Every structure is written in C-alpha cells, then in structure tokens.
Amino acid sequence: MTTLRRTVVAGSLATALVASIAPAAAATGTPTEEPPRQRTTQQATTAQPEIAHEVPERYAEQQLNWHACTSEELGSEPPKEYDLECATYRTPQDWNDADAGEDITIAVSRLKAKGDSTASVLTNPGGPGAPGRNFPLRLAGQDRLREHQDVIGFDPRGTGHSTNITCGGAIGTGDSLDPRDRSRENLKLILDATEYAADSCQLKSGELGPLINTFQTTHDMDLLRSLLGREKINWVGYSAGTWLGAHYAQRFPEHTGRFVLDSATEFTTTWQRSFDWQPLGFERRWREDFLPWMAKYDEQYGFGDSGERARQTYEQVRAALAEKPVELDGEKVGPNELDSAIAGMLYSKAAFPSLAEYLVSLRELTGEKMRTASPTALDNVRKLLANTKARGPQPLVVDNGHGAQQYDDAYDASFWTIPCNEGPWYGNRMTATWQSELMGREWPLLGWGWLIQPCIFWKGKPIDLPEMDGEGVPPTLIVQSEHDPATPIEGARRAHENFEGSRMITVTDEGDHGIYAGDNPAVDEVVEDYLVDGIVPEDQSIPGAPLPTPDGANGS
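Numbering of residues begins from 1 in every chain and follows the order in which that chain's sequence is written. Residues qualify for local features only when their pLDDT is at least 70, as the model is predicted, and side-chain atom pairs are given and counted only at 80 or more; totals for whole chains, interfaces and linings, by contrast, use all residues. For side-chain calculations, the full set of non-hydrogen atoms in the structure is used, while hydrogens and water are omitted.

Caption draft 1: Structural context of the state of the cysteines. Here, the term disulfide refers to a pair of cysteine sulfur atoms separated by no more than 2.5 Å. All chains considered together, the criterion is met by three disulfides. With its sulfur 2.0 Å from that of its partner, cysteine 69 forms a disulfide with cysteine 86. Between cysteine 69 and cysteine 86, the disulfide has an S-S torsion of 100 degrees and is therefore right-handed. In this pair, cysteine 69 is assigned in the loop between strand E1 (67–68) and helix H3 (71–74) and cysteine 86 in strand E2 (residues 84–91), connecting sequence segments 17 residues apart. Here cysteine 69 and cysteine 86 have matching classes, each one buried. At a sulfur-sulfur separation of 2.0 Å, the disulfide partner of cysteine 420 is cysteine 455. Only DSSP runs of H or I covering at least 4 residues are called helices, and only runs of E covering at least 2 are called strands; the numbering of each starts at the N terminus. Throughout this description, buried means an accessible area under 20% of the type-specific maximum (1.4 Å probe, protein chains only), exposed means over 50%, and partly exposed covers the range between.

See below:
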C-alpha cells in the first residue's frame, strides 16, 4: 500500500480494567473471546430496521450514463491504456424511508469485458469508506478475469465523487502530540482533540452522517446490481472491503455470486474487535519481516546488523525526534510522522527499500554531526511528510496498483463515521488510556496510539450489526497472508471459522496487505479458477513472494 493520510494513531488495576472493557486480554493484550463489558451510554445500539426490498420505480428505472472518465471524475488523469468509463446514479438517502430526505449520488466506473460480457465483478479497496472509482485499474491486467466480466468500481456514499460527508477538517487536531508521553496533561490533550474531531464529524455531516453505514451501502450496491442488469454480482473486496462484501452476501444471498474477500477483517464481530488486532499485526510485521530484512543489508544501510539492533537504532532516532523534530520545507517531522510512515509502508514489501531509506535519512538528520542526506532520501521524507498522519486504528485500504490514492476530508470522515455508526464500541477515557498502556508496552509501534478511539465520544446511537454466520450464503473465498499488519491473520481465521461455507487460502511467508492481482501467480490462478470457472477450492496454503533486494545490494 502506498502512503496514506490518516489521524490514527500498569499494575493489577490496569489488568482488571482492560480485561473487563477491552478486547486485550489481561495477560497478553491479545483479543480473545468477547468478555462482558460496561457499555457507554452514548453507544447503546438501536435495532437495525428490516426493510422490504422494494425499490421505488424512480430509482429502479434509471439508466447508467456511461462515458469516458475525465480527470475531474477520477481525481487524476485517466490511464491512456485502459478505457475506464464513468457514470452516476441516485439512491435514497435512507433506504428505510425512501421518500425522506434528498437523493444522494453514487459515482461508479467500469472496465468493460474484452469479449462478450456475461457477468459483473464489483470491487472495493476497503477503508472503511475509501473511494473506489479508480480501483478497477488494479484488475486491469487480469486478462482471464476480464475476458467475459465487466470490472466495476464505485465511491461509497460519503466519499469520493459520491455525495460527501465531512468532519470540517477537524481530524488531525493534536497530530503533534506523542502518545508515548504519558503525562496526565498530554493524555488529556490527545483525548480532547479526539473528542473535538468526533463532535465535529457529527455536526458537520448533518442528517446524512448517521446514514453512512454498511447497511445503507449494501442497499446502494444492490440497486447498482439491478441497474447493471445482473441477477447476481461477483465481488473482489480487499481489507475493509471484505466486511462490506460479507455483509452484502449475508443480506442478499440470492444475489451473491462469487465473492473474494482478500486480506480479511474479522467481519463476523464488531469493528472494535476487528481493529484491536492491529497493534499485534503491525508489531509482528515490523519485528519479524522488515527489521530482519533491513539488517540483512546492513552493509548498505548501516542501521544495525540484527533486527533488534536495527530496532534500537529506530528508538534512538525516535527519541531524538521527540526531543527536537526535524524541520523540512517549513514542516516538522516528529515521532508521530516517523511512526506513521513506518506503519504506512509495512503494508507492502515493495515499500521496504523506501522505508529503509527514510529511516537512514532521518537518522542522518537527527545525528549529532548532521550531514546532508541524499536528494532521493530527502524527497522521500517530503512525500511521506505530506501524506502520512497516522496513530491509533490504521486505515484498511489496498492501493490500486497505479499510483497513490488520494485521501481527503470526506474519506477521513467516513473512516471514523462508519465504525461509530454500527455496532457497539465500548469504553471511555479511562479505559482507552489503560488499553493503550497495555498495548503500548507489548506492541509499542502502534499500541500507545490506541488512546485515539473516536467512537467512545460518538453521541449518536449505532444500529445493530446483523448476525454474520454465512448461513444460506454461497461459498466465499478468503485470501490471507500470514503477517498481514492491518488485518492480522488471527481475525481472518476467526471470520473463516464463523462464516459458514467460506474457504481460506493462507499465503505463507508473506505479509502483504492485498494479495490477489499482486505478485503471486499461484494465488491468482486459484482465485480465478473460482471467479471465472466457479471452482470452489479447499482450504490450502500457498507460498508467498520473496522480499525485495534493494538496488545496489548483492550486485543487483
């Protein structure tokens, strides 16, 4: 995954508190079976109304106005080698009351099949709430899939070129506050900034805000299915797109074709429990994959000749940035920017060389005898500084393979709003503080930032989540790497176990987030046997692709 913009992120009493109110187990901090928790008053859920799925004619009789996508519609220049088409359609603001409120607009795209079109495969990059209109480009080179299937992308309600919500730019308040500073004053400032942003999201998004949730989006998708003229749709959803795809399949099994769930969230539980696997996942990717890889090329990087020595060098750099941030082009690079860049670049092994150069550059810039870093390294720092602000829960998004996706206030707003609008999120200021203390001690890369949980400040009542057991759903295919940082395999395994009829490909010796249509032909073959020919595989393991060799190393 490419770099992202995102505000993210004791003793016996702490152990007792977290054991009772957070998914972190008392002894290990690892998510376990759901313990009883005290619910915050603002997070009492409301029943999710069941609607008769009768689409009013004014929506059902729309025609998709396909035309060549423009740069304004994609947010970038349309790729010349692919004929990506764009369209829009209207949906009710609220599917529970189609006559209430103003219609909203959904932006869609299409890569037409190369031959006769017999099916449509919808795609989604995750988020939750990430725009996906340009995402069909990730599958543009999958010739076998595209022979008879149109590849469809869409910006979910709330984001991209669909009708937007906003937090008024409030997400990002408090970015300079280091969550490792555990002084009472600093922790209060971070929590206050989180509460301010959460309040702003709800105020600025108005009446549409509470209707940005999976329930509404799955109905938008089913209307799209109808407008495409399909009885069933296929699906390739990555990351949080596995949540969206699984929820659609559970709600509309009769319209569910072949669904691929790549880099799966624990979609059979709550958002809170699904996200709570992340500190473990990122720490494992960092310590077991990246740092040993960087140490292997210590002759080139000089950062440490073992994973642990390289980690200690990182700690020295981080401490120096905490004491005195580096100023570059009028911007400051502090410890949060450092951790944000690391987290963002652990999603893909292809980013390992750039991450190593970034770390080397910052070590040079924080050294006692500062010397000028290479222009390439400085450019890398500038790019990362402009696009990364991440602490706490990390975005669940897969790059489209054709350059960095752009994230703005509408996506920031959706990323916070969707989890807070559906299902419970337990806790309060005290419990978030204790949970981040436990996680920080065990998984310091992200754990300290688990203080930032906007949903504990959400004042609206979230709707209930449906029971996600897969009953009556056609076989779905989960694809998962062993060391995925953002959606760790522990959660994916539990989703697989609890979702009836699902199959799972485990990609061993691999940690990339987003596998299909990446760099693993063996995985692609099994996935397309399923997507194209309907061959449902058995659970199996497939080896991952090797880690990269940096330029100039070993004669490369």
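Caption draft 2: Spotlight on empty space enclosed by the protein. Note on definitions: the grid is 1 Å and covers protein atoms alone; a cavity is a set of points where a 1.4 Å probe fits but cannot get out; a pocket is an open set with protein on both sides within 12 Å along at least five of seven lines; lining residues have an atom within 4 Å of a point. Grid points are joined across faces, edges and corners, and a volume is the space filled by probe spheres set on the points. Space inside the largest cavity adds up to approximately 130 Å³. As for the largest cavity, its lining consists of 15 residues, of which Pro128, Gly129, Thr214, Leu244 and Ile418 are closest to the centre. Broken down by secondary-structure element, the contributors of at least two residues to the lining of the largest cavity are helix H6 (214–227) and helix H7 (240–251). Broken down by element, the residue count for the lining of the largest cavity peaks at four residues, all from H7.

Caption draft 3: Local environment of the confidence of the model for the protein. Looking at any residue, its pLDDT shows the predictor's confidence there, from 0 to 100. In the predicted model, the protein carries a mean pLDDT of 87, and 84% of its residues have values of at least 70. Note on definitions: a residue-residue contact is assigned when non-hydrogen atoms from the two residues lie within 4.5 Å. Note that residues 32–42 has pLDDT below 50 and, in this model, 38 contacts with residues that lie over four places away or in other chains.

Caption draft 4: Highlighting the packing of helix H9 (residues 278–296) against helix H11 (residues 307–323). Here, axes are lines fitted to C-alpha atoms. For helices the fit covers the stretch in contact, and angles between N-to-C directions go from 0 to 180 degrees. Their axes nearest at 8 Å, the elements H9 and H11 cross at an angle of 95 degrees. Viewed along their axes, H9 and H11 adopt a mutual orientation that is roughly perpendicular. Contact with H9, carried on its side by Trp286, Arg287, Leu291, Pro292 and Ala295, involves Gly307, Glu308, Ala310, Arg311 and Tyr314 of H11 and no other residues of that element. Amino acids outside the nonpolar list (Ala, Val, Leu, Ile, Met, Phe, Trp, Tyr, Cys, Pro) and the charged list (Asp, Glu, Lys, Arg) are all regarded as polar, and Gly is one of them. The residue inventory of the contact of H9 with H11, partitioned by class, reads six nonpolar, one polar and three charged. Small angles under 35 degrees read as roughly parallel and large ones over 145 as roughly antiparallel, with 65 to 115 read as roughly perpendicular and the rest as oblique.

Caption draft 5: The arrangement of the environment of glutamine 216 in detail. Within the secondary structure, glutamine 216 is located in helix H6. The exposure class of glutamine 216 is buried, given its relative accessible area of 1%. Along the backbone, glutamine 216 and tryptophan 95 are 121 residues apart, and their C-alpha atoms lie at a distance of 6.4 Å. Discounting chain neighbours no more than four positions away, the residues touching glutamine 216 are Gln93, Asp94, Trp95, Asn96, Arg157 and Leu211. Distance and chemistry together define a polar contact, namely a pair of N or O atoms within 3.5 Å, with one atom able to donate a hydrogen and the other to accept it when in protein, and with adjacent residues in sequence counting only for side-chain atoms on both sides. In terms of polar contacts, glutamine 216 uses its side chain to reach the backbone amide nitrogen of tryptophan 95, at 2.9 Å.

Caption draft 6: Expanded view of the pairing of strand E12 (residues 476–481). Counting buried positions along E12 gives six out of six residues, so the element sits mostly inside the fold. Alternating positions in E12 separate into two faces, Thr476, Ile478 and Gln480 on one and Leu477, Val479 and Ser481 on the other, with burial throughout. Here the rule is simple: two strands pair whenever DSSP picks up at least two bridges between them. As paired strands, strand E8 (residues 256–262) and E12 are joined by four bridges and run parallel to one another. Note on E12: the bridge partner recorded for aspartate 262 is valine 479.

Caption draft 7: Region of interest: the packing of aromatic side chains. To pair, rings of Phe, Tyr and Trp, with the six-membered ring standing in for Trp, must have centres within 6.5 Å; the planes then decide the type, stacked if under 30 degrees apart, edge-to-face if over 60, and tilted in the middle. In total, this model carries 20 aromatic pairs according to the counting rule given. A ring pair is formed by phenylalanine 275 and phenylalanine 415, whose centres lie 6.0 Å apart and whose planes are at 75 degrees; its orientation type is edge-to-face. Note that phenylalanine 275 is positioned in helix H8 (residues 271–275) and phenylalanine 415 in helix H15 (residues 409–421), a separation of 140 residues in sequence. Under the relative-accessibility criterion, phenylalanine 415 is labelled buried at 5%. Each ring, one from tyrosine 411 and one from phenylalanine 415, has its centre 6.2 Å from the other, and the planes form 75 degrees; the classification is edge-to-face.

Caption draft 8: View of the sheet that holds E8. The strand order across the open sheet formed by 10 strands is E1-E2-E3-E6-E4-E7-E8-E12-E13-E14, and the pairing between neighbours is mixed. Each of the sheet's edge strands pairs with one partner strand only, and the pair in question is E1 and strand E14 (540–543). In the packing of helix H19 (residues 521–533) onto the sheet, contacts are made with strand E6 (149–155), strand E7 (233–238), E8, E12, strand E13 (503–508) and E14, and the angle to E8 comes to roughly 165 degrees.

Caption draft 9: View of the environment of isoleucine 342. In this fold, isoleucine 342 is placed in helix H12 (residues 335–345). Every residue in contact with isoleucine 342, bar those within four places of it in the chain, is listed here: Trp286, Tyr314, Leu355, Leu359 and Leu445.

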